[in-house]
Amino acid sequence: QVQLVDSGGGSVEAGGSLRLSCTASVDQISRYCIGWFRQAPQKEREAVATIDIEGNTRYIDSVKGRFTISRDNAKNTLALEMSSLKPEDSAMYYCAARPTGHGCGTYLRRHHFDYWGQGTQVTIAS
């Protein structure tokens, strides 16, 4: 069984930066499609960034140039560096993972992922 623990959320002013982290209890994190989702109140949970088994990254348009997803294969950790934060970035953020054998991109939906972190709140003051 895969267990994910995410952390790093908090409150920051618009234009600020924040770094989220996710620790995976797996032997090789590179064997999974892994990414970050976010969900704001009354809105659908959406993938914001993913990284596939080859290390290719994908982002939704609204965060391109501002967010960077990275993976540390030695530590089995995932990070999301966020900068130039906007009020619309406010949401509960979750790391998520799925087995290999399928595509890995932001087009994927919640039901495509098998393993989830508990969520970490990100609040951007307007």
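Preceding block: the structure.
Only a predicted model underlies this, so the values are computations on that prediction, with no experimental measurement involved.

Attention now goes to the nonpolar core. Trp36, Phe67, Ile69, Leu78, Leu80, Met82 and Tyr93 are the most contacted members of the largest nonpolar core, which has 31 residues in total. The residues contacting Tyr93, other than those within four sequence positions of it, are Asp6, Leu20, Phe37, Arg38, Phe67, Leu80, Met82, Gly119, Thr120 and Val122. By size, the runner-up hydrophobic cluster in this structure holds 7 residues, among which are Phe37, Cys104, Leu108 and Phe113.

A complete count under the given rule lists 2 disulfides for this structure. Linked covalently through their sulfurs, Cys22 and Cys95 form a disulfide whose S-S length is 2.2 Å. Residues Cys22 and Cys95 share a disulfide whose torsion about the S-S bond is about 60 degrees; that sign makes it right-handed. In this pair, Cys22 is assigned in strand S3 (residues 18-24) and Cys95 in strand S9 (residues 91-99), connecting sequence segments 73 residues apart. The two residues Cys22 and Cys95 agree in class, both being buried. Here Cys33 is linked by a disulfide to Cys104, with a sulfur-sulfur distance of 2.0 Å. What sets the handedness of the Cys33 and Cys104 disulfide is the S-S torsion sign, and at about 80 degrees it is right-handed. Placement of Cys33 in strand S4 (residues 32-39) and of Cys104 in the loop between S9 and strand S10 (115-116) is noted, with a sequence separation of 71 residues between them.

Cut-offs applied
Residues numbered from 1 in each chain as written. Predicted model: local features only at pLDDT ≥ 70, side-chain atom pairs only at ≥ 80, totals over all residues. Heavy atoms only, no water. Core = buried A, V, L, I, M, F, W, Y, C linked by side-chain atoms within 4.5 Å. Buried < 20%, exposed > 50% of the residue type's maximum accessible area, 1.4 Å probe, protein only. Contact = heavy atoms within 4.5 Å. Disulfide = S-S within 2.5 Å. Helix = DSSP H or I, 4+ residues; strand = E, 2+ residues; numbered from the N terminus.

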